[in-house]
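Each chain is listed here by its residues.
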Amino acid sequence: MSETKELDYPRYAHVEGHTDVCYSEDGRYLITCGQDGDIRIWDGIEDGDPIEKCVGSEAFAVHQSGDMLYVGDDHHTLQVYTFPKAELIDTLTRFTASVCCLDSSKDGKLIAAGACDSSIQVVNKDTKSVLNFNGHKSPILSIKFDALAEFLVSSSCDGTVKIWSIEKKSVVKEWTSVIPVSNAFQHSKIKCTPAWDPIDGNSLAIPFGKEIKLFQRGLWRELYTLHDYRLSEQEITVMSWSKCGRYIAAGTNTGFILVWNVSSQVIVLHAECKERYSIRSLVWCPKNGEHTLAYCDDHGQLGLVENAESDDFNIDPTYDKENILMMDEESSDNVISLEQIKHDAEVELNKQRGVSLNNVDGLEIDDDNSNLSSKYIPPTASFTVDLQSPFQPCSTPVHLQRRFMVFNDVGYARQTNTADENVIDVDFHDNTVHHAFRIKNVLGHTIAAMCQEALVLGCDTQDNTPSKLVCVLLNSWDGKREWTVDLPDDDDICGLAVTADWIAVASVSRLLRLFTLGGGQREIISIPGPIVAIYGSRDRLVVVHHCGAPIPGEQNLRYCVYKIDSRVEAVCSGYVPLFPKSTLRWVGFSDYGSLCILDSAGTLRMLIKSYWSPLCYVDNTWKDTTNHYFVIGVSEARQDIRCILCKGSYYPATTPHPFLNEIPWQIPLCDLNQEKGELEEKFWRSNIALSILPEEDGLQYDKELKTTFLKLFAMACKSGHDMRALELCKLIRSEQYLNLALKYTMRVGNSSLATKITTIIENEAIVDDGPKPVTYSELFNGPSTSYNKNTNYISQQSQDLFSEKYSPNDKEDNNKVVESSSILAVIKKKQESELMNESNDIDRAFNPFKKKTGGQANISIGTLSPLDQTNEPSNDNKRKSDLNDSSEDINSTNKSKKPKGVSKLSSFIFKK
């Protein structure tokens, strides 16, 4: 165990603030930059006249590769200077915010840059081609290439560390909550600089607070941890891996520097800076055999740590494990090799554990060529599961200094948490209902929910103060405008929901507490998993929670919808569908009470009856992949999504005031760029609206559905896809639409398709009516409205020859009609007799639109062909004469108006 070593005083380099340092490739020069906007090139720590160059108001990062010096500044550009003269020669790429971290590949061809706009760019300096990596939600803190330039590791102010595949431009591994979340690069107290093994890149080191964890490349399994008891009250801010691969150095927020031997995992240096300022940058000298560290603190001072491995008694500076093993094997048996004994002991231990060094989880490792030692191979497989943290829908992250605690259709609550003030501003979209007001955030509220009747605030446990729920009543009639309740000890609020009748409070103890709007306590519901989010609307409440351990990289979430009135009732529950490797981004109810979710991939889904249907890829509506939409609500009546456009971020800025956008639904069907795909998308979008909207609100989409159906049907018929046209008819349950399709089919002369559509109409009529006789008017969805119960006759145009309803004066006629009550049986019988006796009728059957010379045409359901008029039985003469007499009177009043209930097809056929 190394004793604490006191370092010499550092020298002034830049003004107070973030300062970065790097070595030149040959190890001769030190290059620094700082908040004064200057870069300085030092020829050693004692250089009294360094080369200076002003690059802007602030300089955040420097990196030297080849004969070039790369600088990231507040001009939002990656600038290229000559080295060591520091003359500007090129601007490699541009960002929308300051460039704050840099790195280059081992061969120097690729340059990586991270910016405060949460984006990363990898630039080929020869071809100038740029690869964009977007996935972080806050400014980038550090980036690092692996030795093979296959992966790129990055850390961000959002608290995550991601590993990117450079070829696929996608995240292959992510760790969350690695560092405290912050809202700006300069305000981040921990820089978190992960590093790869510089020799072969087989392992990755990441600082996790008070320790450094090493992970195996490719499998991303934790190998072991570097820690020290003296870090119990410190946090690791930066770390660096030596060029020889033997040592890892780390700097802390209290001015200490520690060095570990990687193979023995033992501390070889524990040094203390005299002024104890936080270490902001740390780098090893690249010279062979020289183990010197250069560092800068947050006060702009530059210092050196020489002979950083001086207390390492385990391995000689000229140590080479492979050579020593080879020498021991070639030496005589009398030579005692400590390293050989350790190696044999490790092999024997692994054999006892059932682990073979030659085959680990299906990976074949060659003993002669493998660079993986037994230290790097864990005895058992372990998986890290990153569960999504709780969040409040329609709110922005808590770590932001200016954020929306809630932004919904009623209004918003904006929190300002700076060194000067900590207040909550509440405003409403309709100022005629409520006036804006301000609340001093004395309790430190971080969660809020709002409706027309109340504003609900929640805070976490602080020191000896328990978590509190505060309700501000907006329409109080008894003079009490506010009430407060404390949650039990060791329980914090993680979600809030409020409606006009009740308040729901979700806590980390997996309890859902209900309150009345006046402050009375109601039911307590236990949730079978950590709560992720809750949302309430009218009498519905949805709770999303974790359900068991998910697959690594995935989330296993379930939802449960409750109906809350005088009692609580669970309405439905199920799993939450998410895009692969994504998390839940928003959950809520639509204007008509349909449950909707949005994942981090931008897919908006709606629960329709018993299944989830994707409505839109929200972020794809904007061409720029760095822009996203912040969803507020969903409307079925207008088929749009109310949201806020966030440029370069996932969340809206508080100033200027956000502008509300409405983007239309677009169901992600195939071939949307073709006419068929566009019509199919419109067809199913209208179908979804009709399945949810009330009848009076769905008239527009009913007409749209009819038009789209006929266009798709006509398109299928013209292209010769009769099967597709018939399948489309089977999807429609409306006889009105089927009649229109049948009419179109007969016009184009497709008799085979017309016969099959007629069969569908028959089947639909039988299913709808059951054993009841199918009348002609019911078949075409046009029941006669001109039927007069007080007379013995009806209008000729709407007459139903086979109805069972007749006047009591015609009992004999009724009895005969009832005997042949089925229209299908009667028409089939007439058709058979006509085909046997009059062969001429067969020719006329192919012209259903030919007018008759006299009498009324009869229609065959099977072929819809007109048949010749036959003589009716004698007992029907009186009825026919009555009809002729009455038709003159009735038709005189309805010459210009078609009777209600008669379909277009029936009126066309019966027209004289």
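Scroll up for the structure.
The rules behind these values
- Residues numbered from 1 in each chain as written.
- Predicted model: local features only at pLDDT ≥ 70, side-chain atom pairs only at ≥ 80, totals over all residues.
- Heavy atoms only, no water.
- Phe/Tyr/Trp six-rings, centres within 6.5 Å; stacked < 30°, edge-to-face > 60°.
- Helix = DSSP H or I, 4+ residues; strand = E, 2+ residues; numbered from the N terminus.
- Buried < 20%, exposed > 50% of the residue type's maximum accessible area, 1.4 Å probe, protein only.
- Pairing = 2+ DSSP bridges.
- Expected span 1.5 Å × (residues − 1).
- Axes fitted to C-alpha atoms, helices over the stretch in contact; angles between N-to-C directions.

K.L.:
Please clarify how the packing of aromatic side chains should be interpreted in this entry.
P.N.:
In this description, an aromatic ring pair is defined by two values, namely the gap between the centres and the angle between the planes. Inspection of every chain in the model, using the stated rule, returns 20 aromatic pairs. Measuring from ring centre to ring centre gives 5.5 Å for Y29 and F83, while their planes differ by 90°; the resulting arrangement is edge-to-face. Of this pair, Y29 sits in the loop between β3 (20-23) and β4 (30-33) while F83 sits in the loop between β9 (77-82) and β10 (88-94); the two residues are 54 residues apart in sequence, bridging distant segments of the chain. On the basis of relative accessible area, Y29 is assigned to the buried category, the value being 14%. By relative accessible area, which is 16% here, F83 ends up buried. Their ring planes at 85° and their centres at 5.3 Å tell us that F151 and W220 sit as a pair that is edge-to-face. Remark: W220 occurs in the loop between β21 (211-216) and β22 (222-226) and F151 occurs in strand β16 (residues 151-156); sequence separation between them is 69 residues.

K.L.:
Please clarify how the pairing of strand β25 (residues 256-261) should be interpreted in this entry.
P.N.:
Working note: regular strand, side chains alternate between the two faces of the sheet. By the criterion of burial, β25 is predominantly enclosed, with six of the six residues buried. Here β25 shows a buried face lined by F256, L258 and W260 and a second buried face lined by I257, V259 and N261. Sheet topology note: the strand β24 (residues 247-252)/β25 ladder contains five bridges and is antiparallel. Its bridge partner lying in β25, A250 is registered against L258. Between β24 and β25, which follow one another and run antiparallel, lie three residues, and G255 among them has a positive phi close to 85°. In the sheet, β25 pairs with strand β26 (residues 266-272) via six bridges, with the strands oriented antiparallel. By the bridge assignment, F256 is partnered in β26 with E272. Between the antiparallel neighbours β25 and β26 lie four residues, among them Q265 with a positive phi of about 60°.

K.L.:
Just checking my understanding: could you explain helix α6 (residues 735-747) for this structure?
P.N.:
Since one α-helical turn is 3.6 residues long, residues separated by three or four positions face the same way. Here α6 spans 18 Å end to end across 13 residues, near enough to the 18 Å set by a 1.5 Å rise per residue. Those residues of α6 that sit buried are E735, Y737, L738, N739, A741, L742, K743, T745 and M746.

K.L.:
What should I look at first to understand the sheet that holds strand β39 (residues 482-486) in this one?
P.N.:
Sheets are built from strands paired through backbone hydrogen bonds, the pairs being either parallel or antiparallel. The sheet built from four strands is open, its strands ordered β36-β37-β38-β39 with antiparallel pairing. Pairing within the sheet leaves two strands with one partner each, and these edge strands are β36 (447-450) and β39. Taking each pair of neighbouring strands and ignoring which way they run, the sheet shows an average axis angle of 15°. Two elements, strand β38 (residues 468-473) and β39, share five bridges in a ladder whose sense is antiparallel. The partner of V472 across the bridge, within β39, is E482.

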